[in-house]
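Listed below, chain by chain, are the residues.
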Amino acid sequence: MVEPAFMVVPDEVVQTVGSWTPGIALASLHSTSSADFGFDPGQFLPVWAAALALVGYAVLASLAASFTTARRDLA
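Residues numbered from 1 in each chain as written. Predicted model: local features only at pLDDT ≥ 70, side-chain atom pairs only at ≥ 80, totals over all residues. Heavy atoms only, no water.

**As for helix α4 (residues 47-68)**
Here comes step 1: For α4, spanning 22 residues, the distance from its first C-alpha to its last is 32 Å, which sits close to the expected 32 Å at 1.5 Å a residue.
Here comes step 2: Turning to α4, its buried residues are Ala49, Ala50 and Ala53. Projection of α4 onto a plane perpendicular to its axis shows the buried side chains occupying an angular sector of 105 degrees, all on one side. Pointing more than 90 degrees away from the buried face of α4 are the exposed residues Trp48 and Leu52. (Helix = DSSP H or I, 4+ residues; strand = E, 2+ residues; numbered from the N terminus. Expected span 1.5 Å × (residues − 1). Buried < 20%, exposed > 50% of the residue type's maximum accessible area, 1.4 Å probe, protein only. Arc of directions from axis to C-beta.)

What follows is the structure, encoded as structure tokens:
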């Protein structure tokens, strides 16, 4: 039922957005080695962009944790 909704999005858009996900960004950092992760090398980001994407995800996660953590004084 959900699958037809995703069929509307062109493949180029999915690959462009997908290359910025944490999994592909991490695989992009490993792409300099001879390891094969099963991804098309054309999907990989440059190393600087992959590192920037992973740092961005870490910042977003830390902000979400900061705003959702209950703060209590220990006084």
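Having seen it, we continue.
**Here's the deal with the confidence of the model for the chain**
Any segment with low pLDDT has predicted coordinates that should not be analysed in fine detail.
Here comes step 1: Mean pLDDT over the chain stands at 75; residues scoring 70 or higher make up 69%.
Here comes step 2: Considering each helix and strand of the chain separately, the mean pLDDT is smallest for helix α1 (residues 3-6), with a value of 67, and largest for α4, with 89. (pLDDT = per-residue confidence, 0-100.)

**With respect to the environment of Trp20**
Here comes step 1: Looking at the secondary structure, you find Trp20 in the loop between α2 (11-18) and α3 (22-30).
Here comes step 2: Judged by relative accessible area, Trp20 falls into the partly exposed class, the value being 38%.
Here comes step 3: Those residues in contact with Trp20 that sit more than four places away from it in its chain are Leu45, Ala49, Ala53 and Tyr57. (Contact = heavy atoms within 4.5 Å.)

**A word on a nonpolar patch on the surface**
Here comes step 1: Taken together, Val55, Tyr57, Val59, Leu60, Leu63 and Phe67 make up a surface patch of nonpolar side chains, about 620 Å² in accessible area.
Here comes step 2: Locating Phe67 in the fold gives a position in helix α4. (Patch = residues over 30% accessible without salt bridge, like charges linked within 9 Å, V, L, I, M, F, W, Y side chains within 5 Å. Areas by Shrake-Rupley, 256 points an atom, 1.4 Å probe, with all protein chains shown as cover. Salt bridge = Lys/Arg side-chain N within 4 Å of Asp/Glu carboxyl O.)

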